[in-house]
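# Architecture at a glance
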Amino acid sequence: MHFASFIQVGESVQNPDKYYQNNVANTLVLLDAMQAHGVKNFIFSSSAAIFGEPRYTPIDERHPQQPINPYGRTKLIVEQVQADYDKAYGMKSVCLRYLNAAGADPEVQLGERHDLETHLIPLVLQVASGRRKNISVFGRDYGTPDVTCIRDYIHVQDLCSAHWLALQSLMSGSDSQAYNLGNGNGFSVQEVIDAAEQVTGRKIASVNSPRREGDPAVLVADSALIRERLGWTPQYSDLSTIIKYAWKWETRGTLEI
Ligand code: UDP
């Protein structure tokens, strides 16, 4: 299972070399090592960024693949490399195209810690815990019901179970496959802030900021294929539940909730 990519869209635009080196070249090194040692099964953390600007939502596996930034292109290139390695070398893969990974291990052993935090839920919770003054809402002029962007947040534990099912399918001889992996439920930036206020019982100050470049209005996945083929059923799909675990992580050691 390969989780070692860089993941910041903005940084990939500023510094594509870093992204092609790590996400593509280093993945080729890994695949070569697998070949050398006879490892035939590969599970890859891909991304909804391979689809680019959504033509329709929810995005299913047939959606056109036209990434709009280097990050998305690195993920698509690796998916294509895997298809070629399957044909040529019989290496089987499952590509899991994540939507917005969120939440934390329910036992609070593992959680998100990015050196430069850019993700909505951890930033909102840093405001609640007092580590940050306010949250910038990137764009209040989208054509969505409350005019803020809608995303599909998937709890990390549900991502884990999808990987486990993918591994079992490969080990029982299934063919290579790519799956879109989200909740199928979209939540707006404002809904995230409101839900975080409810979960934490604290006021979360927000300021209006311009749109962030490259942000589509709505990104929601259709995960029917992985539900149907692998029996995947998300257990933590409710937004408050996702935020509750992220809050446990944000306040670990400081607060009993
Ligand atoms: N967002 C925001 N303020 C922030 C960070 C994110 O309004 O400080 C919005 C962003 O525009 C997007 C959503 O929150 O619509 C989720 O962004 P995030 O960076 O968490 O994940 P992404 O969708 O980029 O993978």
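Structural data are supplied above this passage.
### Quick look at the site of the ligand
- For the ligand, the set of nearby residues contains 15 residues, the closest of which are Leu-120, Ser-136, Phe-138, Arg-212 and Asp-215.
- Contact distances for the ligand include 2.8 Å between an oxygen atom and a backbone N or O atom of Leu-120.
- Burial of the ligand by the protein amounts to 87% of the accessible area it has alone, namely 510 Å².
- When residues of the shell around the ligand are traced back to their parent elements, those giving at least two are helix H4 (120-129) and strand E4 (135-138).
- When residues of the shell around the ligand are assigned to their parent elements, the largest contribution, four residues, is made by E4.
- Classifying every residue of the shell around the ligand by side-chain character gives eight nonpolar, four polar and three charged.

### Comments concerning the pattern of salt bridges
- Tallying each qualifying case throughout the model produces ten salt bridges.
- Notably, a salt bridge pairs Glu-79 with Arg-97, separated by 2.8 Å at the nearest N-O pair. Here the residue Glu-79 occupies a position in helix H3 (residues 70-89), and Arg-97 occupies one in strand E2 (residues 92-98), the gap between them amounting to 18 residues.
- The class for Arg-97 is buried, based on a relative accessible area of 4%.
- Across the pair Lys-92 and Asp-175 runs a salt bridge, and its minimum N-O distance is 3.7 Å. Here Lys-92 is found in strand E2, whereas its partner Asp-175 is found in the loop between helix H5 (156-171) and strand E7 (177-181), with 83 residues between them in sequence.
- According to the relative accessible area criterion, Lys-92 is partly exposed, its value standing at 22%.

### A few points about helix H8 (residues 239-250)
- Taking 1.5 Å of rise per residue, twelve residues should cover 16 Å, and H8 covers 16 Å from first to last C-alpha, within 8% of that figure.
- Residues of H8 that are buried: Leu-239, Ile-242, Ile-243, Tyr-245, Ala-246, Trp-247, Trp-249 and Glu-250.
- Tucked into the core, H8 has its buried residues touching strand E3 (100-102), H4, strand E6 (153-155), strand E8 (187-188) and helix H6 (189-200).

### What to know about unusual backbone geometry
- Here the residue pair Thr-57 and Pro-58 is connected by a cis peptide bond, since its omega of -10° sits within 30 degrees of zero.
- Position of Pro-58 relative to the elements: it lies in the loop between strand E1 (41-47) and H3.
- Although it is not a glycine, Val-108 adopts a positive phi angle of roughly 60°.
- Mapped onto the fold, Val-108 is located in the loop between E3 and H4.
- A relative accessible area of 24% means that Val-108 is categorised as partly exposed.

### Here we look at the environment of Trp-249
- When you line up the elements, Trp-249 lands in helix H8.
- Taking the C-alpha atoms as reference points, Trp-249 and Leu-125, separated by 124 residues in sequence, lie 9.7 Å from one another.
- Setting aside anything within four residues of it in sequence, one finds Trp-249 in contact with Ala-104, Val-108, Gln-109, Leu-110, Gly-111 and Glu-112.

Parameters at a glance
- All residue numbers here refer to positions counted from 1 along the written sequence of the relevant chain.
- Where local features are concerned, this predicted model is filtered to residues with pLDDT of at least 70; where side-chain atom pairs are given and counted, the filter is 80 or more; whole-chain, interface and lining totals use all residues.
- Side-chain numbers come from the whole structure's heavy atoms, not from hydrogens or water.
- The criterion for a residue being near a molecule or strand is simple. One of its heavy atoms has to lie within 4 Å of it.
- Two N or O atoms form a polar contact when they lie within 3.5 Å of each other; inside protein one atom must be a possible hydrogen donor and the other a possible acceptor, and for residues adjacent in sequence the pair counts only when both atoms belong to side chains.
- For the accessible areas, the method is Shrake-Rupley and the probe is 1.4 Å, while residue cover comes only from the protein chains on display.
- Under the scheme used here, helices are H or I runs from DSSP no shorter than 4 residues and strands are E runs no shorter than 2 residues, and both carry numbers assigned from the N terminus.
- Polar here means any residue other than Ala, Val, Leu, Ile, Met, Phe, Trp, Tyr, Cys and Pro, which are nonpolar, and Asp, Glu, Lys and Arg, which are charged; Gly is therefore polar.
- Throughout this description, the term salt bridge denotes a Lys or Arg side-chain nitrogen within 4 Å of a carboxyl oxygen of Asp or Glu.
- The rule is simple: take the accessible area with a 1.4 Å probe, protein chains only, and divide by the maximum for that residue type; under 20% is buried, over 50% is exposed, in between is partly exposed.
- The length a helix should cover is 1.5 Å for every residue beyond the first.
- Contacts between residues were defined by any pair of non-hydrogen atoms, one from each residue, lying within 4.5 Å.

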